[in-house]
Amino acid sequence: MIDLLTSAMIWGRTLDAGTSLLLVALGGYLCVRSGVFNIALEGTMIFSCFAAVACSFWAVNWGFGVLGAVATGVAVTGVLAVLCVYLRADVLLVGLALNLFGMGATPLLLQGAFDIRGGFTSPEVRPIPHLDVPGIEAVPWLGDVVSGRSLLTYLAWLLTAAVTIWLGHTRSGMALRAAGLREEIAAASGVPVRRIRTTALLVGGALVGLGGAQLALGDVAQFSEGMTSGRGFVALAMVLIAARRVWTLLPLSIGFAVFDVVGLSLQSEGLWSELTYVLPYAAALVILLLARLWSKRRLPVTASA
Amino acid sequence: MSVDRRATRIMALALLIGLGMAGAIIAAVGGGASLPAAAAAFAEGAYGSGAAWGATVATAVPVLLTGISASIAFRAGVFNLGQPGMFVAGAVAAGAAAPMLAGPPVLNVVSTLVVAMAAGALWAALITAFSRLTAVDVLVISLIMNYLADGLATLLTTRVFRDPTALGVVETRLVPARLPLLVEQSSFHAGALLAAAVCVLYWWILNHTSPGHRLRLYGHNPDFAAASGTSRRRYEMHIALAAGAVSGLAGGIQVLGVFLRYIDGSIGGSSSAAWTGMILAILAPLASLLLIPGALFLASLQTGLLGVEREIGVSSRLSLVVQAVVMIAVAYGRGRALRAQRAGPGGGDSAPAPQPRTEGVTS
């Protein structure tokens, strides 16, 4: 077990596994922060996973796979934006419906497009390439962990920094936070609330799409029914725990991912293989508890309005 | 009243759109010529024979009970979506307990159902407790814990309660006594009467007793209810226990009336009846007795599409797509009704849409 936890292979795979969670959580963060409680992350993600695999297969090119996933993410949250921002439908119900829609529609799409059930893979589904980072590559242990990761892993780290700067240090970022904080006051002071929320949702949808692409094409390039297995909801919990500190999504995603990866390696350690289905969710609850204790200590709880 | 009528119109329109979409998907997969055959297969699968009716009723039973469970929580303004987990908890507990509990058949069935209800209530209490400890909204925690429930069910059935003589399939031992079949050669079992009785009881409690009055009051204005002496923490825990017990009962009935053992993967996952139950609670928010025809309708959608799957080969997951479309229409209608309510008095008696607490992020 100790060997397992100190092996560079486990931690390297953890960074890649955390990437899809991180991207989806970043996307969800933008939505929630702009004032739209988007619970459709899970459904958006499964559609993106399917699009990633289908586009990568048809074009025999991973770039088109990623593009397809991003376009799908934008399209699904676009539906949510039209319904909830412009037609003012109940956002929780629309989110729940889109999740059910994803659960029901992706098996049908799989059947319609590939005439197959359960899952799809092919040598023509091209995975996202992994990059070696010159310099770090040669460092023992660290090189094996940090170098050779999926392209999207490095992109996700850059995007975390970009979102942090956008929200914290730009006018449009401030307007986005204002729209989420007090809609009426923001609108009264000239913030175009609807337009800002739509932008936040569409950019968020693109990030969720990237997360779906990483899940489907980041490691073994394949699609299977229900492959998101609750990651969209875990990402939503991460958004709530991160609260005002968006950068904490990065350590949180790694914290969640390590249990995914360790869970998959348990069988080789001679432990019950069924723990694979329990550990990630049990760990998620424990991490949420710890994060709560930690934030209680750092930020004294104030009476909420 | 006008809001009610408008909501009904929107729902009818949504249903037409949903069915139209289903038709389009079937035509896309099976070819346009397959549509009449698909319609016939649908009618045959849902209502075509005694056996088809039996299957529809048996499918409706867990939908109705998990629907009541979700309705209890929604009425109180708690957006708890943990019904699939409570349902699985009840089923595993029933599958594990029934072979261990001795006694004559009637006593065995009753005590097994009580164990299932307790397990469902325990799971709901855990959801509430974790939501409080982590200060993360119950909506999010309950959805994550649905996956945890499925995982724990697989773990417990494989490692602890597995029938040692079962080869290949992961399942518990055969139950010693089952809920009797009401119509021979069909799947119409006594659980249907039990579920209908629970629904009538729910309606009666809600409309004719003081606990029911309190539930409606709490849902409409928790602050007022709290000010008049209802402890929020304790009351929301009571709501969770009641909702969990009803979903757990649904799990117990599935084991004792349909599968006769707990078979791993038969109850949870994305095809869980509890998702349909949740949709039922959202579609029929006002009149609790309407839950019964509503459950039968949603069940016939499933058995009908299973008939289509057998004939044309289009996956019956199509029913989730139709339900999602209907739900989006309800979300639209609900949003409009809420605005009408805010704009002026008499805007309608729609059940309040609970909003998640996101103070941490938005304040």
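Structure: see above.
A quick note: this is a predicted structure, and the numbers were derived from the prediction, not measured.

What counts as what
- Residues numbered from 1 in each chain as written.
- Chains lettered and ligands numbered in written order.
- Predicted model: local features only at pLDDT ≥ 70, side-chain atom pairs only at ≥ 80, totals over all residues.
- Helix = DSSP H or I, 4+ residues; strand = E, 2+ residues; numbered from the N terminus.
- Rg over C-alpha atoms; globule rule 2.2 N^0.38 Å.
- Buried ≥ 20, exposed ≤ 12 C-beta atoms within 10 Å, placed from the backbone.
- Contact = placed C-beta atoms within 7 Å.
- Nonpolar A, V, L, I, M, F, W, Y, C, P; charged D, E, K, R; others polar.
- Expected span 1.5 Å × (residues − 1).
- Axes fitted to C-alpha atoms, helices over the stretch in contact; angles between N-to-C directions.
- Parallel < 35°, antiparallel > 145°, perpendicular 65-115°, else oblique.
- Left-handed = near helix turned anticlockwise from the far one by under 90°.
- Core = buried A, V, L, I, M, F, W, Y, C linked by C-beta atoms within 7 Å.

Chemist: Can you walk me through the overall build of chain B in this structure?
Modeler: When its secondary structure is counted, chain B shows 14 helices and 0 strands. Helices and strands appear in chain B in the N-to-C order α-α-α-α-α-α-α-α-α-α-α-α-α-α. Taken over C-alpha atoms, the radius of gyration comes to 21 Å for chain B, in line with the 21 Å a tight globule of 363 residues would show. Principal axes of the C-alpha set define a box for chain B whose edges measure 60 × 55 × 40 Å.

Chemist: Would you take a moment to explain the overall build of chain A for this structure?
Modeler: What chain A contains, in helices and strands, is 13 helices and 4 strands. In terms of C-alpha radius of gyration, chain A reaches 19 Å, essentially the compact-globule figure of 19 Å for 305 residues. Considered along the principal axes of its C-alpha atoms, chain A spans approximately 60 × 50 × 40 Å. In chain A, buried positions account for 53% of the 305 residues. Put simply, of all contacts in chain A between residues at least 6 apart along the chain, 75% involve residues at least 24 apart.

Chemist: Mind showing me how you'd approach the interface of chain B and chain A here?
Modeler: How big an interface is tends to be expressed through the accessible area that disappears when the partners come together. The interface is formed by 49 residues belonging to chain B together with 50 residues belonging to chain A. At the level of secondary structure, the elements contributing two or more residues to the side of chain B that touches chain A comprise α1 (2–30), α5 (105–134), α6 (138–159), α11 (273–283), α13 (318–343) and α14 (359–362) of chain B. For the side of chain B that touches chain A, the class distribution of residues is 30 nonpolar, 12 polar and 7 charged.

Chemist: Looking at this structure, how should I read α5(B)?
Modeler: Across its 30 residues, α5(B) extends 43 Å between first and last C-alpha, which sits within 8% of the 44 Å expected from 1.5 Å per residue. Of the residues one or two after α5(B), A135(B) is the one with positive phi, at around 60°.

Chemist: Looking at this model, I keep getting lost on the environment of I68(B). Mind explaining?
Modeler: Residues and elements named next belong to chain B. Looking at where I68 falls in the secondary structure, it is placed in helix α3 (residues 50–75). Among the residues examined, I68 registers 29 C-beta atoms within 10 Å and is labelled buried. Sequence separation between I68 and V246 is 178 residues, and the spatial gap between their C-alpha atoms is 7.3 Å. Those residues in contact with I68 that lie beyond four places of it in its chain are V198, C199, Y202, V246 and L291.

Chemist: Would you take a moment to explain the packing of α3(B) against helix α4 (residues 83–97) of chain B for this structure?
Modeler: Describing two packed helices takes the angle between their axes plus the distance from one axis to the other. Residues and elements named next belong to chain B. Their axes nearest at 10 Å, the elements α3 and α4 cross at an angle of 125°. Taken together, the axes of α3 and α4 lie oblique to each other. The element α3 and its partner α4 pack so that their crossing is right-handed. For the pair α3 and α4, the contacting residues are P62, T66, S69 and A70 in the first and Q83, M86 and F87 in the second. A class-by-class count of the residues in the contact of α3 with α4 yields 4 nonpolar, 3 polar and no charged.

Chemist: Got a minute to help me understand the packing of α3(B) against α11(B) in this structure?
Modeler: All names here are of chain B. Remark: α3 packs on α11, axes separated minimally by 7 Å, with the N-to-C direction vectors making an angle of 50°. The angle between the axes of α3 and α11 places the two elements in the oblique class. As for how α3 packs across α11, the hand of that crossing is right-handed. Two secondary-structure elements touch here, α3 through P62, V63, T66, G67, S69, A70, S71 and F74 and α11 through A273, A274, T276, G277, M278, L280 and A281.

Chemist: Whenever I open this one, the nonpolar core confuses me. Can you help?
Modeler: One broad rule of soluble globular proteins: the nonpolar side chains tend to lie buried together. In this structure, V94(A), A97(A), A237(A), L64(B), I144(B) and M327(B) are the most contacted members of the largest nonpolar core, which totals 223 residues. Considering each element in turn, this core owes the most residues, 14 residues, to α3(B). For M327(B), the contacting residues outside a window of four places in its chain are L93(A), L96(A), A97(A), I279(B) and I282(B).

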